[in-house]
Every structure is written in structure tokens, then in C-alpha cells.
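Reading the structure
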Amino acid sequence: MNAPRLIERDVPPRTAWALEQAGVAPLLARLLAARGVREAAELDESLAQLLPPDGLKGLAEAARLLADTLQAGQRLVIVADYDCDGATACAVMLRGLRQLGFTPAQLGYVVPDRAVHGYGLTPTIVDLALEQQPALLVTVDNGIASLAGVAHASAHGLKVLVTDHHLPAQVDGNVVVPEADAIVNPNQPGCSFASKSLAGVGVAFYVLLGLRAELRARGALSTPEPRLDGLLDLVALGTVADVVKLDANNRRLVAQGLRRMRAGRAQPGVMALFSAAKRDASKAQGFDLGFALGPRINAAGRLADMTLGIETLTTDDPERALALATQLDAINRERRDIEAGMREMAEARLEALVEALQGALPPAVALFDADFHEGVVGIVASRIKDRVHRPTFVFARGADGQLKGSGRSIPGFHLRDALDLVSKREPELLARFGGHAMAAGATLALPDPDGVQRFALAFARVAEEWLSEQDLTRTLRHDGALPAEAATPETARLLDAQVWGQGFEPPVFCDRFELVSQRLVGEKHLKLRLRQGGRLVDGIWFGRTEMLPERVTLAYRLSLDEWQGQARVQYVVEAAQP
């Protein structure tokens, strides 16, 4: 089900040549040109090249609101989210506000329990925050769709600042934003900020830049002026973990954060997470953030309490940070065990669905099992989506008895908009929903099994209308052949030093090979010895158990394999064609 169609990326020759003339290595120039980079200035990762904060609608109002709260000696409470983006955004806000003059007594936070409170600024979370007697609520990575929560807070005399990056709610087909005192969100109506792909943590960072400028204008900044770039390791972690598009502005934020990690100048909690994950911070890459650190933070929100993740990122005590990171690592191992069991059940249900449809796949998939864990539905939805290349929802029964689902999508299918259409066609089906193009969540108003069955039919109907056969064919875009002279440790290090990620995918090369040998290692990975011309190279295909033909076309990533002081290249295989 997962064999992709291999498509070579187009490389604008003039652009690649211009990048080479500007001093970019030829292979890298080709790769960057294929990803839309048009001039060398886009590769400038300095802080001076960040988009200016004043392009964000609502930032001036937010800065005044925060400055007024600070100078009045009032208390504010941050309402966080239970994923890595929300945790890093909360940590950035707490650390940054302290740098800018807030005392610890003025700052507090609450974070919803996924199983108890649900997502966002709900009236229940407002009541929880009220126990800390704040004058101001500040949401991070949530709030733009919290119409009832903001209204509830206002009714209790609280001011509300919403900082978010998700899409606003729609009511009767119209975009509606909450009646907050200030909203900072690049995706709110009327915002001209050029990067619509800021993560929640990126928005929080920009709000702090705005507050610093406001305090400067009021003559209220301490001397020396606080530097906020020390927060960029957290910004990088949340940005990569939330899988937002790495446009030029996000790449600069991530690059700056990675530099701090490699230099050993990250927060104690970030350094502790590297240690717990057995990764080398001095060689930090985006891959580490997305597949090692991020999942450990996310595990707290899935199976425990995200307070653990936030405390890891806000402590200045390295020993405490390591103890907390070790707890997160243990929770993440538990999460992997639960996920493995759920994936087996989900794949069994998927096979049954395919069998019932006489071997065909529906244009969209919705799965439910009474034994599914609500904290892991998003990960399993992502795994199934990758396997079948279909928009996928996975539902579990929550602690409150409701059926809660998490969805993941494919290019060309806007998941949040699809849910909006489902809700219009089936007005009694969804209790609530939200999200963005590639990931979303929904709670069913109807009980199982009728609710899930009706959702599956309505969801598949939208997919059938919106997606063509070409959309439903998985593709893997590659960068053509890797020149023989470029298959070196130096090239691998050059590529590893770049910022790759969502919307700016890491290089994948494609060549024809002769297999010299192949064997299974660890019972689930295919270890390869490959010949190309007169050259031999090692390869590995993680998660592959089926043997390959003697001659085969492979799509692969260039990897650096270091062992006992020796460095050699290894090809990490992504796909194959006979």
C-alpha cells in the first residue's frame, strides 16, 4: 500500500547557476533551487533578516496590554496547550516575561488535561485559571476558536490576550474570532504578516519582541536591554515538532535555535532532553527535534500531564532538568508500547475494511476500536495515513465517554475545511472540531457505532469529491542522481548542517543499483551492500523486511555513519522500484 511513484524535482537552471555564483556549493545550489530558493539572500540566517514584528496584526495592542499589566503589578496566567508547540510556547512566554520585568509572583500558567478538559480555552479552563486570581489571561498555541471560553473569561472581569496560529472558527459559513482584548495570529482575518506558517511558539516569541519595543518606548526597559535570542532553542524545538512549513522566516528561527544547541547554550531542559534521548547536542539537526526531543515532550501531554514538559523547559537547574527529562523518556517508551499495540489493531481494522470493499481503498479512512487510547490517536492516524496515503481519522473513547478523534491529511485535502463541510451536511454529528490543513481533531456528538460509521461515510464523501486519482497516488519527490564524487562524509556534513523539514524536505537522491548482498538486522530492517559502477556502498532500509531484486532503483537519503572514530557514508533507503 505504500509504494510511491518517484518524481524528480525540477531544478531551474538559471537559479541554480546564480546560487553557485554567489558561493553556494554546486550540489547544494541545485537542491536549494529545486525547493524554491531564488537568491542567496534567502540563505542569510541572521536575526536581522527576520520579518519585522510590526507586520503582525494586533501586536501593538498585545504589547500595550502586557506592559500595562506589568506596570500595574498585576498577575497574568498563561493558558497553554498539551503538545510540544504549546509547551515550548508557554516556556518561551514565562522565560521572556521574566526577562522583561515580570516577577515570578505575577506569572502563572494552566495547561488542559487532554482527557479531562479537552483542547483550548474552554470555560472549565477559565475557571481553573481564576483560582490563581489573574487580571489577564494569555493563550499560547490556542484560543483563536475559543468563543465561549473568551466570553466566559470576560464575564468574570478578565482581560484576554489570544496568541495562536490555528485557523479561526466558522459560524454559519462566516469566519468568527473571539471577542478578546487583543489577538495575535498570522492567520486571523486582515493580518498581512508574510509568514502564515509561524508555529504557536513563534507567535509567542514575536509577542515578546513587541512587548520589548513597547517597554523601550515607555522608557521602562532595564539596562542592559534584555536579549530574547536566548529563547530561540525553544522556538526551534516547537516549530519543528509542530510540523509547520519551514518557510524562510521559520528556517531562520530554527537555524538560530540549532546554533545555540550545538554551542551548548540551550536551556538546561533542552540539553537534558538530548541526553535522555542519547543524542549529541553538538551535532543537533532538525531531525533530532522532530523525532527525539519533540516526541518526549509530546508524550507528557498524551499519557500524563504536560506540566511535566513545561517544568522541564523552564527549570534553570540542570540536575532537576535531567531528572524531569528522564521521566519524559520513560513516558515516551510507554507511549511507544501503546502505539505499537494500537497500530496492530488499526491495521487489522484497515485490512477488514479493504476486504469488505473487495480490495479497494476508500478515499478517506476513519477507524475506531473500544481499546484505542485517546492520547495516541493522532500518532496512529499519522502512521495509517503514511501507509495508505489517504486522509485518516482515528477515534478513541475519552475518559468522559465521548468519542474523540484525531486526523492527519495528505496534500490537496484541507482537513479542517473538510470537517466544516461534514458538520454542515451532518449537523448533529460533530460536537466540536478544529485544526488546520494537515492535522485536526473532532469530537462526535453521536455514540458508537452509529457515530463513527456516519462520520466515516460523510468524511469519505468529501474526499471523493475533492481528491482525484492522482491526489490519492502517493508520490516521492527526489533530487535525481547523486554525483559519484559527492558521496562523501563532507557532503553528508554539508547537508546535515542545513535546515530541512516540512515544506523544505531533506534531499532524497535516486539511482540504479546492483545488490551485492542483503540481510535482515534486528528482525525488521534490511541491511544492504550496493554496487554502482565500480563503487560499493552500504545501505539500510528501516522497517523493511521484504527482499529486493538483484537490480533495483532506490530513492535514498545520504547519511553519515560514524563508528570508532571512522566516518563513512550510508544510504538510508526511502523507496524502491524494480
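Being a predicted model, the structure only gives us computed values, none of them experimental. (Residues numbered from 1 in each chain as written. Predicted model: local features only at pLDDT ≥ 70, side-chain atom pairs only at ≥ 80, totals over all residues. Heavy atoms only, no water.)

Along its length, the chain carries 17 helices and 19 strands. Computed over its C-alpha atoms, the radius of gyration of the chain comes to 24 Å, within 12% of the 25 Å expected for a compact globule of 578 residues. Along the three orthogonal principal directions, the C-alpha set of the chain runs to about 75 × 60 × 45 Å. Buried residues in the chain amount to 53% of all 578 residues. Pairs at least 24 residues apart make up 66% of the contacts formed inside the chain by residues separated by at least 6 positions. Total accessible area on the chain stands at roughly 24,600 Å², and carbon and sulfur atoms take up 50% of it. Both charge centroids of the chain, one from 63 positive and one from 71 negative side chains, sit 4 Å from each other. (Helix = DSSP H or I, 4+ residues; strand = E, 2+ residues; numbered from the N terminus. Rg over C-alpha atoms; globule rule 2.2 N^0.38 Å. Buried < 20%, exposed > 50% of the residue type's maximum accessible area, 1.4 Å probe, protein only. Contact = heavy atoms within 4.5 Å. Areas by Shrake-Rupley, 256 points an atom, 1.4 Å probe, with all protein chains shown as cover. Lys, Arg positive; Asp, Glu negative; His and termini not counted. Charge placed at Lys NZ, Arg CZ, Asp CG, Glu CD.)

An ideal rise of 1.5 Å per residue puts 18 Å on 13 residues; helix α3 (residues 59-71) measures up with 18 Å between its terminal C-alpha atoms. Taken together, the buried positions of α3 are Leu 59, Ala 62, Ala 63, Leu 65, Leu 66, Ala 67, Thr 69 and Leu 70. Directly beyond the C-terminal end of α3, a positive phi value near 70 degrees is found at Gly 73. (Expected span 1.5 Å × (residues − 1).)

A few words on the packing of helix α7 (residues 200-217) against helix α8 (residues 232-241). For the pair α7 and α8, the least separation of the axes is 7 Å and the interaxial angle reads 150 degrees. As far as their axial angle goes, α8 and α7 are roughly antiparallel. Here α7 contributes Val 201, Gly 202 and Phe 205 to the contact with α8, which in turn contributes Leu 232, Leu 234, Val 235, Gly 238 and Thr 239. Residues of the contact of α7 with α8, tallied by class, amount to five nonpolar, three polar and no charged. (Axes fitted to C-alpha atoms, helices over the stretch in contact; angles between N-to-C directions. Parallel < 35°, antiparallel > 145°, perpendicular 65-115°, else oblique. Nonpolar A, V, L, I, M, F, W, Y, C, P; charged D, E, K, R; others polar.)

Here we take up helix α14 (residues 377-388). In this model α14 runs 16 Å from its N-terminal to its C-terminal C-alpha over twelve residues, within 8% of the 16 Å that 1.5 Å per residue would give. Counting buried residues along α14, nine of its twelve residues qualify, which places the element largely inside the surrounding structure. Those residues of α14 that sit buried are Val 377, Gly 378, Ile 379, Val 380, Ala 381, Ser 382, Ile 384, Lys 385 and Val 388. Lining the buried residues of α14 we find α11 (286-303), α13 (318-356), β9 (365-368), β10 (392-397) and β11 (403-408). Two residues or fewer past α14, His 389 is found with a positive phi of approximately 55 degrees.

This brings us to the sheet that holds strand β3 (residues 107-110). Across the sheet, five strands lie side by side as β3-β2-β4-β5-β8; this open sheet has parallel pairing. Each edge of the sheet is formed by a strand with only one pairing partner; in this case those strands are β3 and β8 (182-184). Strand-to-strand twist in this sheet, taken as the mean axis angle between neighbours without regard to direction, amounts to 20 degrees. With three bridges connecting them, strand β5 (residues 159-163) and β8 associate as parallel partners. Across the sheet, the residue bridging to Val 162 is Ile 183, located in β8. Strands in contact with helix α5 (residues 123-130) are β2 (76-79), β3 and β4 (136-140); relative to β3, the strand with the most contacts, it is inclined by about 150 degrees. (Pairing = 2+ DSSP bridges.)

Time to look at the side chain of Thr 139. Position of Thr 139 relative to the elements: it lies in strand β4. With near-sequence residues (within four places) excluded, Thr 139 lies in contact with Val 79, Leu 121, Leu 161, Val 162 and Thr 163.

The subject of this paragraph is the pattern of salt bridges. In this structure the tally under the stated criterion is 34 salt bridges. Salt-bridge contacts for Asp 229 lead to Arg 227; the nearest nitrogen and oxygen are separated by 2.6 Å. The salt bridge involving Glu 562 is made with Lys 283; its shortest N-O contact spans 3.1 Å. Remark: Lys 283 occurs in the loop between α10 (268-276) and α11 and Glu 562 occurs in strand β18 (residues 551-563); sequence separation between them is 279 residues. With relative accessibility at 41%, the residue Glu 562 sits in the partly exposed group. Members of the salt-bridge network, linked through shared partners, are Arg 9, Arg 35, Asp 479 and Glu 505. (Salt bridge = Lys/Arg side-chain N within 4 Å of Asp/Glu carboxyl O.)

Once that is clear, we can look at the packing of aromatic side chains. With the rule as written, the count across this model stands at 15 aromatic pairs. Consider the rings of Phe 393 and Phe 459, whose centres lie 5.5 Å apart with planes at 90 degrees: the pair is edge-to-face. Placement of the pair is Phe 393 in strand β10 and Phe 459 in helix α16 (residues 450-466), with a sequence separation of 66 residues. Given the relative accessible area of 0%, Phe 393 is considered buried. For Phe 459, a relative accessible area of 0% puts it in the buried group. Ring geometry for Phe 413 against Trp 466: centres 5.4 Å apart, planes inclined by 55 degrees, an arrangement best described as tilted. (Phe/Tyr/Trp six-rings, centres within 6.5 Å; stacked < 30°, edge-to-face > 60°.)

Take the packing of α11 against α13 next. In the contact formed by α11 and α13, the axes pass within 8 Å of each other and the chain directions differ by 70 degrees. Between α11 and α13, the angle falls in the class roughly perpendicular. Facing α11, whose interface residues are Pro 295, Arg 296, Ile 297, Ala 299, Ala 300, Arg 302 and Leu 303, α13 presents Leu 328, Asp 329, Ile 331, Asn 332, Glu 334, Arg 335, Arg 336 and Ile 338. Tallied by class, residues from the contact of α11 with α13 come to eight nonpolar, one polar and six charged.

Further remarks concern the sheet that holds strand β13 (residues 439-444). Strand order in this open sheet of five strands is β9-β10-β11-β13-β12, and the pairing throughout is mixed. Strands with a single pairing partner mark the edges of an open sheet, and in this sheet they are β9 and β12 (430-435). Strand after strand, the sheet turns through a mean of 20 degrees between neighbouring axes, direction not considered. Here α14 sits on the sheet in contact with β9, β10 and β11, set at roughly 150 degrees to β10.

Our focus in this paragraph is the pairing of β3. Both faces of β3 are covered, namely the face carrying Leu 107 and Tyr 109 and the face carrying Gly 108 and Val 110. Pairing between β2 and β3: four bridges, direction parallel. Paired with Ile 78 across the two strands is Tyr 109, which belongs to β3. A crossover connection joins β2 to the parallel β3 through helix α4 (residues 84-99); in handedness this β-α-β unit is right-handed. (Right-handed = clockwise from strand over helix to strand, strands pointing away.)

So, about the environment of Gly 378. Structurally, Gly 378 is set in helix α14. Look at Gly 378 and you get buried, because its relative accessible area is 4%. Expressed as a C-alpha distance, the spacing of Gly 378 and Arg 75, which sit 303 residues apart in the sequence, is 35 Å.

What follows concerns the pairing of β18. Sheet topology note: the strand β15 (residues 509-521)/β18 ladder contains six bridges and is antiparallel. Counted as the bridge partner of Phe 509 is Tyr 556 from β18. Here eleven bridges tie β18 to strand β19 (residues 566-577), and the two strands are oriented antiparallel to one another. Among the inter-strand pairings, Arg 557 is bridged to a residue of β19, identified as Val 572.

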